[in-house]
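# Geometric and topological summary
One-letter residues, chain by chain:
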Amino acid sequence: EAGVAQSPRYKIIEKRQSVAFWCNPISGHATLYWYQQILGQGPKLLIQFQNNGVVDDSQLPKDRFSAERLKGVDSTLKIQPAKLEDSAVYLCASSLDGAITGELFFGEGSRLTVL
Amino acid sequence: LAKTTQPISMDSYEGQEVNITCSHNNIATNDYITWYQQFPSQGPRFIIQGYKTKVTNEVASLFIPADRKSSTLSLPRVSLSDTAVYYCLVGDMEVSMNRDDKIIFGKGTRLHILP
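As the structure is a prediction and not an experimental result, all values here were calculated from the model.

## Looking at the overall build of chain A
In terms of helices and strands, chain A carries 0 helices and 11 strands. Listing every helix and strand of chain A by position from the N terminus yields β-β-β-β-β-β-β-β-β-β-β. C-alpha atoms of chain A, sized along the principal axes, occupy 40 × 25 × 25 Å. The buried share of chain A, taken over its 115 residues, is 47%. Partitioning the contacts of chain A with sequence separation of at least 6, the portion at a separation of at least 24 is 53%. Counting every atom, chain A has about 5,500 Å² of accessible surface; 50% of that belongs to carbon and sulfur. Measuring between centres, the 12 positive side-chain charges of chain A sit 8 Å from its 12 negative side-chain charges.

## Notes on the pattern of salt bridges
All names here are of chain A. According to the stated counting rule, one finds 3 salt bridges over all chains in the structure shown. Here R9 and E108 are joined by a salt bridge, their closest N and O atoms 3.1 Å apart. With a gap of 99 residues between them, R9 in the loop between β1 (5-7) and β2 (10-13) and E108 in the loop between β10 (105-106) and β11 (110-114) connect regions that are remote in the sequence. Residue class for R9 comes out partly exposed when judged on its relative accessible area of 28%.

Definitions and cut-offs
Residues numbered from 1 in each chain as written. Chains lettered and ligands numbered in written order. Predicted model: local features only at pLDDT ≥ 70, side-chain atom pairs only at ≥ 80, totals over all residues. Heavy atoms only, no water. Helix = DSSP H or I, 4+ residues; strand = E, 2+ residues; numbered from the N terminus. Buried < 20%, exposed > 50% of the residue type's maximum accessible area, 1.4 Å probe, protein only. Contact = heavy atoms within 4.5 Å. Areas by Shrake-Rupley, 256 points an atom, 1.4 Å probe, with all protein chains shown as cover. Lys, Arg positive; Asp, Glu negative; His and termini not counted. Charge placed at Lys NZ, Arg CZ, Asp CG, Glu CD. Salt bridge = Lys/Arg side-chain N within 4 Å of Asp/Glu carboxyl O.

Purely geometric numbers; function is a separate question.
Dropping the structure here:
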């Protein structure tokens, strides 16, 4: 079974530039999550989709971050303009809706460095 | 959402049994207890989940006392490759558009296995 795919794995940009990350969840998984993980900390939920609808985006800095999940499959997370404090690993995860276990399957992440 | 408390770090030796305890005093009736493992440069990986008493799989055991205010992840006979960060999460994993719950990762426990 193919896992959660993310790209790019690494990205270096200067502050005020923009960046986009892409995620392809496990086939058939209705729920998709974007997490931000700063070095030394646990992952922090940015946004959660159920199919193509947003369930929770309360911790998404909406003045600079945006995310979409068109057609309820792939998702894109964009940062514009980037700040130094956005340097982190951006993790995408998916889960099978309705599963009592609610297990999250994570991708390898996209590491962003903002200079 | 129940807050969790776990040790920041632990050291152990190869071949030993490691027990990591997580406190969750305000766990709710519908909450499950889930543990994830994260290696450097990878996303977290599901280890085990339980509701009460004891759960065992090929990787670990999870012990949950009757009051469910804490849980203990037990890793039998650890090896160097078990060096990782371990996260304890508590919550109702069922997705609902009407919920405020988030799947929150704390800082986790950094387990370092020594030869």
